[in-house]
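Spelled out, the chains give:
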Amino acid sequence: MRFVFGLMGSRGDVQPALAVALELRRRGHEVIVGVAPNLLPLAARLGLDPHAVGPDSGALLASPLVREEMRSANPRTRLRAVRKVSAHGWDDFRADLAALAGDRGSADVVVAGLLGQEVGSALAERIGAGFAALHYFPVRSNRSVKVVPGPDALQEKAWDVGMRMRWELTREAENAQRAALGLAPARTRLQTRLRDRGAVEVQAYDPLLVPGLPREWGIQSPFAGFLALTETDRLRLGETGVTDALGDWLGAGYPPVYVGFGSMPVADPARLVADVAAATADLGLRALVSSGWNSFDVDVPDHVRLVGAVDHAAVLPRCVAAVHHGGAGTTAAVLRAGIPSVVGWYSADQPVWGRLLGDLGVGTSVRASRLDRDRLREALSAVLKPRVRERAAEVVPRLVTPEVAVARAADALERAR
């Protein structure tokens, strides 16, 4: 079979899908991979011969649109910004992905993530290919995942409201893409159309966090588990393990608190580091602070160490807790490390992951902008209680292993005809 992947977004959006692309290639399929231009080196180091599709996700995250307009105190400004971000780069993404997928009969399956699935689905429809989506978070109406306080029936209504809002925000842009592909305008939201056409929507997160949801959704939304690269593939990236210097620091005292917000823009790095230093000092703890996509050019006291990106699989098991943004990939890494979480969330799925970790008994959460010294100290005190740490360790053997998760996702894509 010939699979064409069109992957928009940051590394957290793209890397899990690359694990599945590699597995499909190992099974003998032809796999063509398109990623955001700034992630071409990542995919290339994995040997995937990638192509650039859509906009540079790093530039978007660093832009005034994300850093300023989406955080504006003016609700109209925020709404306009969300509308722009929701369909950002779709013209380029459609043109680039169409060039990879070719004409009718050239591709068997088009694969996209949540970002850009409207475009990927329309292109698959245009060329007569199957379509599959990789979802790192629930995006369909359900009763099992709480997004507002209240009974189960209220959750489904709340999800419906969210889906309608997404449709209203993207309908005009989606139909512009459909028109450019020579398709009739869509009259219903994407989730309804995907279900009606029998498209596969792989749920790439662990069912342990969403009990009841697999039964609710059935076989068209198969649950794979959190996706991750194999150890061999991670070695190809050259990012495994820890440096001697970091290893010496980790082993020189009580396990530290890990603090890292990945690709999320930290508005005031100096204040964040100062709050982390003060809160951990109050508790007699050390802190390992990862800058992620930010620049942390600040002085720190002896009990704090600043680093760039780190190998979560190697570092997190040597920590006592993790403070992070609640992205699906980091959430999975922390769960697999068997340590509790403090989720300092920004937007999108992150606050819900924070609540789900709380429901599981392995974490707590607070909006990132409110995560000051006192709240961080309080949150760390809560998750470092013996019962929470024990619960985090108990969860590890119940998680779907990365190898099984990737195999399940590949199995599902092979059925996407």
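Please refer to the structure higher up on the page.
The numbering scheme is per chain: residues are counted from 1 as the chain's sequence reads. Only residues with pLDDT of at least 70 are given local features in this predicted model, and only at 80 or more are side-chain atom pairs given and counted; all residues enter the totals for whole chains, interfaces and linings. Derived side-chain values reflect all non-hydrogen atoms in the structure, with water molecules and hydrogen atoms excluded from consideration.

A. Region of interest: the pattern of salt bridges. Any carboxyl oxygen of Asp or Glu that lies within 4 Å of a side-chain nitrogen of Lys or Arg is treated as forming a salt bridge with it. With the rule as written, the count across this model stands at 23 salt bridges. Here arginine 234 ties to aspartate 311 by a salt bridge, and the two come within 2.3 Å at their closest N and O atoms. Within this pair, whereas arginine 234 is found in helix H11 (residues 231-237), its partner aspartate 311 is found in the loop between strand S9 (304-307) and helix H14 (312-315), the two being separated by 77 residues in sequence. Note on aspartate 311: relative accessible area 8%, which makes it buried. In the salt-bridge network here, residues are joined through shared partners; they are Glu23, Arg26, Arg27, Asp233, Arg236, Asp411 and Glu414. Going along the chain from the N terminus, every DSSP run of H or I of four or more residues is numbered as a helix, and every run of E of two or more is numbered as a strand. Only protein chains enter the area calculation, which uses a 1.4 Å probe; residues under 20% of their type maximum are buried, those over 50% are exposed, and those in between are partly exposed.

B. Summary view of the sheet that holds strand S2 (residues 30-35). In this analysis, strands are considered paired if DSSP registers two or more bridges between them. Strand order in the open sheet made by the 6 strands is S3-S2-S1-S4-S5-S6, with parallel pairing throughout. With partners counted over all chains shown, the strands left at the sheet margins are strand S3 (51-52) and strand S6 (200-203), one partner each. With 4 bridges connecting them, strand S1 (residues 2-7) and strand S4 (residues 109-113) associate as parallel partners. Its bridge partner lying in S4, phenylalanine 5 is registered against valine 111. Every residue pair with non-hydrogen atoms within 4.5 Å of one another is taken to be in contact. Axis lines are fitted through C-alpha atoms, for helices just across the contact stretch, and the angle between N-to-C directions can take any value from 0 to 180 degrees. The strands touched by helix H6 (residues 90-101) within the sheet are S1, S2, S3 and S4, with S1 carrying the most contacts at an inclination of about 165°.

C. Summary view of the environment of phenylalanine 226. As for its position among the elements, phenylalanine 226 is in the loop between helix H10 (213-217) and H11. Between the alpha carbons of phenylalanine 226 and glycine 12 there is a distance of 12 Å; along the sequence they are 214 residues apart. Excluding anything up to four places from it in sequence, phenylalanine 226 contacts Ala204, Tyr205, Asp206, Leu209, Ala328, Ala332, Leu335, Arg336, Trp353, Pro402 and Ala405.

D. A look at the packing of helix H15 (residues 328-337) against helix H16 (residues 350-360). Look at H15 against H16: their axes get within 11 Å of each other, and the N-to-C directions meet at 20°. Classed by the angle they form, the pair H15 and H16 counts as roughly parallel. Remark: the crossing between H15 and H16 carries right-handed chirality. Counting all contacts with H15, which are made through Ala328, Thr331 and Leu335, the residues of H16 involved are Trp353, Leu357 and Leu360. Only Asp, Glu, Lys and Arg are considered charged in this grouping, and only Ala, Val, Leu, Ile, Met, Phe, Trp, Tyr, Cys and Pro are considered nonpolar; every other residue, Gly among them, is considered polar. Per-class residue counts for the contact of H15 with H16 are 5 nonpolar, 1 polar and no charged. Note on angle classes: values under 35 degrees are labelled roughly parallel, values over 145 roughly antiparallel, values of 65 to 115 roughly perpendicular, and the remainder oblique. Note on convention: near helix rotated counterclockwise from far helix by under a right angle means a left-handed crossing. Clockwise means right-handed.

E. View of the pairing of S2. Burial analysis of S2 places 5 of its 6 residues in the buried class, which makes it a mostly covered element. Across 6 bridges, the pairing between S1 and S2 is parallel. Paired with glycine 6 across the bridge in S2 is glycine 34. A crossover gets the label right-handed when its path from the first strand over the helix to the second runs clockwise, viewed with the strands pointing away from the viewer. With helix H1 (residues 11-26) bridging S1 and its parallel neighbour S2, the resulting β-α-β unit is right-handed. As judged from the 2 bridges shared by S2 and S3, these two strands associate in the parallel manner. Along S3, the bridge assignment pairs glycine 34 with histidine 51. This β-α-β element, S2 to helix H2 (residues 40-45) to S3, shows right-handed connectivity.

F. Expanded view of the layout of surface pockets. Computed over the protein atoms alone on a 1 Å grid, cavities are sets of points where a 1.4 Å probe fits but cannot get out and pockets are open sets with protein on both sides within 12 Å along at least five of seven lines; a residue lines them when it has an atom within 4 Å of a point. Grid points are joined across faces, edges and corners, and a volume is the space filled by probe spheres set on the points. By volume, the second largest pocket is sized at about 180 Å³. Around the second largest pocket, the lining residues are Ser144, Val145, Lys146, Leu208, Leu209, Val210, Pro211, Leu356, Asp359, Leu360 and Arg391. For the lining of the second largest pocket, the element with the highest residue contribution is H16, accounting for 3 residues. Of the residues belonging to the lining of the second largest pocket, the class tally is 7 nonpolar, 1 polar and 3 charged.

G. Structural view of the side chain of serine 290. Looking at the secondary structure, you find serine 290 in strand S8 (residues 287-290). Among the polar contacts listed, one links the side chain of serine 290 to the backbone oxygen of glycine 308, at a separation of 2.7 Å. Those residues in contact with serine 290 that sit more than four places away from it in its chain are Tyr258, Val259, Gly260, Phe261, Phe296, Val307, Gly308, Ala309 and Val310. In protein, a polar contact requires one atom able to donate a hydrogen and another able to accept it; more generally it is a pair of N or O atoms within 3.5 Å, and residues adjacent in sequence count only if both atoms are side-chain atoms.

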